Amino acid sequence: MSDAPESSERAADHLKARRDKLDSLQAAGEDAFKVMFERSHLIGNIPELVPDLEPGGESDLKVRIGGRLMAFRRQGKLVFADLADASGKIQLLAQANRLGDRFAGLDDLDIGDWVGAWGPVIRTKRGELSVALEGFDILTKGLRPLPEKWHGLKDVEGRYRQRYLDLIANPEARTVMMARSSAIAFIRTWLQERRFIEVETPMLQPIHGGALAKPFTTYHEALNMNLFLRVAPELYLKRLVVGGVERVFEVNRNFRNEGVSVRHNPEFTMLEAYQAFADYNDMATLLEGMVSEAAQATCGSMKVPYQGEILDLTPPFRRARLIDLVREAGADPDGDLVADCRRLGVKVDPNWSWGKLLLEIYEKKVERNLLQPTFVMDYPKEVSPLARSHRSDPRFTEHLDLVIAGMEVGVAYSELTDPIDQRNRFEAQIDDSDDEAHAVDEDFLKALEYGMPPTGGLGFGIDRFLMVLTDQASIREVILFPALRPEEGVTPPAAPKAPGVKENGTDLDGLKAAIKASIPEIAEAVVAAMPEIGASAARRAADDAAHRAAETPTAARSAERRAPHDPGVIPQLLVVGTGKVASSLARLAERSGFHVRVAAGPDAYSVGEFEGADEVIVTPEPQDVEALRPDASTYVAICSEVNEFAEEVLQTLMATDVPYLGVMLKKGKAAGAFKRLGKLGFSEAQIARVRMPIGLALRSQSPEEIAISILAEIVSVRRGGLQSSSTPG
RNA sequence: GGGUUGCUAGCUCAAUUGGCAGAGCAGGGGACUCUUAAUCCCAAGGUUCCGGGUUCGAGUCCCGGGCGGCCCA
């Protein structure tokens, strides 16, 4: 819950009664948050200690137990309550005659309180095992009511955001958590029994590799370098195999900067294992042994229910070649796959390779129907850049997926050990480079050149396996704290500082600041001495400094006001936002001779990769005109998602005399936005200057095209050229 | 990113064609010595996620926004 005044005010009603009880306890000198309470027994252990207790009987066993009060049933001078600790739940029986004066103290108790209680174990007349209270203490006073006792906490969002309430109210949540713990513990032990060594390898990696996935980026200040959160530990574990660690594994988190779904969380837990003198067939055997025995250990059976089906995890699992599965789906791998795709309703690009088409048909038509555990063998070479070529069919690699319940749960390779082949594959990927491509990891290649033995490797998605074991349809049910957007009104933390570090690690920001602070001659000298670190950017900064130095502040301002397209003035572009359009625009504008400043809002967690920006202003106060430095030569493009920061920057800049103020909006949102501005009290003239939606109407689609339309509009304004067709009115 | 769907008291849910926002549990007061979803009586509890609009009148219809669920990409 937020601590915002309004919400605590609203909460006051239902909290007041409990606060009053707390106050009266404390007024009576009682500590409502005790430091300790010695327990003699765990609740769950009590029943077996009094096996023969008859209804109405009292045992010799006296216990001191502690737990959370879960229910409270008053019956005049007799009170029943339920007390639960991590091991179980038991009834408390409070009788006026046994408790004496302390009986009145029951009024201070609320459901949800942590309570210590002591007395003999009895069985009530109705047969319920109970502790007959001789005394009790409030250990911790609960100040908020628990969710409803019968229905529990059902709201999915509430269950994820307040998992502690889910754990208190819903036994299922505890079951899943415990299953996860025991399955992971089982897998660790199982592998160690087979002589696998558990290791930990870097999560912060200078080069991300081992999987085709978009990484999270972060920045190390002391080392002045960008780092990636790992998408996989693969390349480090393989280094260990080179080092002679013949059987090695790691169970830990991977991070992938991709969407969330019922099967995807940005951070997830992965087992990777490598075994020297083994191939992917051996890894398949290892996987099916591990999966079946973990199911037996966790669920008590190798046949587990999943979403209305029974999954039979008894080994051996079905093995099927991918090409054969595609054939079964009705396509002819030797014929015209594009035509087959069209017939099967699989959308494809006709330029795709044979292997890509095969994979597409498999993923769209086969995978989700593979309910029972299946090893899908031999991926086409074009789509499996990390596995070694198949020993008998060069079209394929020795790469298999383990599919359970239509989900990719595991993967295994005969690992590529040839450093030359590996280099070629890395470089081939750079050629058709995209977000997911690997950089060439020279250090890893060097390790391979020392020689890696024949090796099999596997990856195993712990979260998805837990979904199978606990019959959960969503990965969020097996991750205690799944990724969620912050609730409305909760301000995300400020973005970390991420100076404009370029690939070579030179601190351009520092250099530019130094240049601006010094006289132009020194700046020129620096540029001359260090041409390789971005001479054009530095030169413009020098020109800028020279220009500013030549004028008094007042004179400079008036000179700039004279004409925005005065050839003597370097045009400034202030880009608000750090998305794809913003970065494309920054690059284009930088090359077009603009001095580019980027204002990163609070949603920008990493701006380290902002090439094209001459300056990055990290999370300025949106009302801070000084930080934004708008002037008569500053063109402003607000390209962020609509958010509070962008909104406030817009309102700040509307009061200035910038020559261009554009706002990127979703289609059809402009009218509403103009209306809102009108309500905020801006004049019609001020509003008319705002270009919404931003950019010339070029029917732009991609971020790059949108950036072009924005820059084109800015140029047209600067040169006094065509009237923008997207100007309102 | 697109589609769809949800958001009403602390919790679980109602509210008919647009017509006085209700109940159960929890919480407050009272009765009760064998209850266990206790029961009975009384009283209280609301920014219907937020902002606009239509209307005599909006929880309900329309537009925009926020945060979720599901499906698709």
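Keep in mind that what you see is a predicted model, and the values were worked out from it rather than measured.

Caption draft 1: Region of the structure containing the overall build of chain A. Regarding its fold elements, chain A presents 23 helices and 25 strands. Classification of the 729 residues of chain A by burial places 48% in the buried group. Long-range pairs, those at least 24 residues apart, make up 66% of the contacts in chain A with a sequence separation of at least 6. Looking at chain A as shown, the accessible area adds up to about 35700 Å², and 53% of this sits on carbon and sulfur atoms.

Caption draft 2: Spotlight on the sheet that holds strand β15 (residues 318-321). Strand order in the open sheet made by the eight strands is β7-β11-β12-β19-β18-β17-β16-β15, with mixed pairing throughout. Bordering the open sheet on either side are β7 (197-198) and β15, each of which pairs with just one other strand. Pairing geometry for strand β18 (residues 407-414) and strand β19 (residues 455-461), over five bridges, is antiparallel. Bridge pairing in β19 links A412 to L458. Set on the sheet, helix α7 (residues 280-299) makes contact with β12 (267-276), β15, β16 (374-377), β17 (399-404), β18 and β19; between it and β19 the angle comes to about 35°.

Caption draft 3: Here's a closer look at the packing of helix α5 (residues 171-193) against α7. Between α5 and α7, the shortest axis-to-axis distance is 10 Å and the interhelical angle comes to 135°. By the angle class used here, α5 and α7 are oblique. As α5 packs across α7, the resulting crossing turns out to be right-handed. On α7, the residues that touch A179, S182, A183, F186, I187, W190 and L191 of α5 are L286, G289, M290, E293, A294, A297 and T298. The class makeup of the residues in the contact of α5 with α7 is ten nonpolar, three polar and one charged.

Caption draft 4: Representation of empty space enclosed by the protein within the structure. Summed over the entire model, instances satisfying the criterion amount to four cavities of 30 Å³ or more. Estimated volume of the second largest cavity: approximately 60 Å³. Taken together, L69, F72, V79, F80, A81, L92, A94, L106, L109, V115, L133 and F136 make up the lining of the second largest cavity. Counting only elements with at least two residues in the lining of the second largest cavity, the list comes to β1 (58-75), β2 (78-85) and β3 (88-95).

Caption draft 5: Looking closely at helix α18 (residues 580-591). Taking 1.5 Å of rise per residue, twelve residues should cover 16 Å, and α18 covers 17 Å from first to last C-alpha, within 8% of that figure. Of the residues making up α18, those classed as buried are V581, A582, S583, S584, L585, A586, A589 and E590. Phi turns positive one or two residues past the end of α18, at G593, with a value near 95°.

Caption draft 6: Broad picture of the nonpolar core. Among the nonpolar cores identified, the biggest contains 47 residues, and I187, L271, I404, L458 and F460 are the most heavily contacted of them. If you tally residues by element for this core, the top one is α7, at nine residues.

Caption draft 7: Spotlight on the pattern of salt bridges. Tallied over the full model, the rule gives 40 salt bridges. K62 is paired through a salt bridge with E134; the nearest N and O atoms lie 2.8 Å apart. On the criterion of sequence distance, the pair formed by K62 in strand β1 and E134 in the loop between β5 (129-132) and β6 (135-140) is long-range, its members being 72 residues apart. Residue E134 is classed as partly exposed on the basis of its relative accessible area, which comes to 33%. Two residues, R425 and D421, come together in a salt bridge whose shortest N-O distance is 3.2 Å. Of this pair, R425 and D421 both sit in helix α11 (residues 419-431), four residues apart, which is roughly one turn of the helix. For D421, a relative accessible area of 23% translates into the label partly exposed. Salt bridges sharing partners connect three or more residues here, namely K21, D110, D113 and K141.

Caption draft 8: Representation of the sheet that holds strand β10 (residues 225-229) within the structure. Within the open sheet, the three strands sit side by side as β8-β10-β9. Their pairing is antiparallel. Of all strands in the sheet, those bounded by a partner on one side alone are β8 (204-205) and β9 (217-220). Taken together, the four bridges between β9 and β10 define a ladder with antiparallel strand orientation. Its bridge partner lying in β10, T217 is registered against F228.

Caption draft 9: Here's a closer look at a nonpolar patch on the surface. Together, M177, M178, L480 and F481 line one region of the surface with nonpolar side chains, adding up to about 400 Å² of accessible area. Position of L480 relative to the elements: it lies in the loop between α13 (462-470) and α14 (508-517).

Thresholds, definitions, all that
Residues numbered from 1 in each chain as written. Chains lettered and ligands numbered in written order. Predicted model: local features only at pLDDT ≥ 70, side-chain atom pairs only at ≥ 80, totals over all residues. Heavy atoms only, no water. Helix = DSSP H or I, 4+ residues; strand = E, 2+ residues; numbered from the N terminus. Buried < 20%, exposed > 50% of the residue type's maximum accessible area, 1.4 Å probe, protein only. Contact = heavy atoms within 4.5 Å. Areas by Shrake-Rupley, 256 points an atom, 1.4 Å probe, with all protein chains shown as cover. Pairing = 2+ DSSP bridges. Axes fitted to C-alpha atoms, helices over the stretch in contact; angles between N-to-C directions. Parallel < 35°, antiparallel > 145°, perpendicular 65-115°, else oblique. Left-handed = near helix turned anticlockwise from the far one by under 90°. Nonpolar A, V, L, I, M, F, W, Y, C, P; charged D, E, K, R; others polar. 1 Å grid on protein atoms, 1.4 Å probe; cavity = no way out; pocket = protein on both sides within 12 Å on 5 of 7 lines; lining within 4 Å. Points joined across faces, edges and corners; volume = space filled by probe spheres on them. Expected span 1.5 Å × (residues − 1). Core = buried A, V, L, I, M, F, W, Y, C linked by side-chain atoms within 4.5 Å. Salt bridge = Lys/Arg side-chain N within 4 Å of Asp/Glu carboxyl O. Patch = residues over 30% accessible without salt bridge, like charges linked within 9 Å, V, L, I, M, F, W, Y side chains within 5 Å.

Fair warning: the whole summary comes from geometry, so function is off the table for now.
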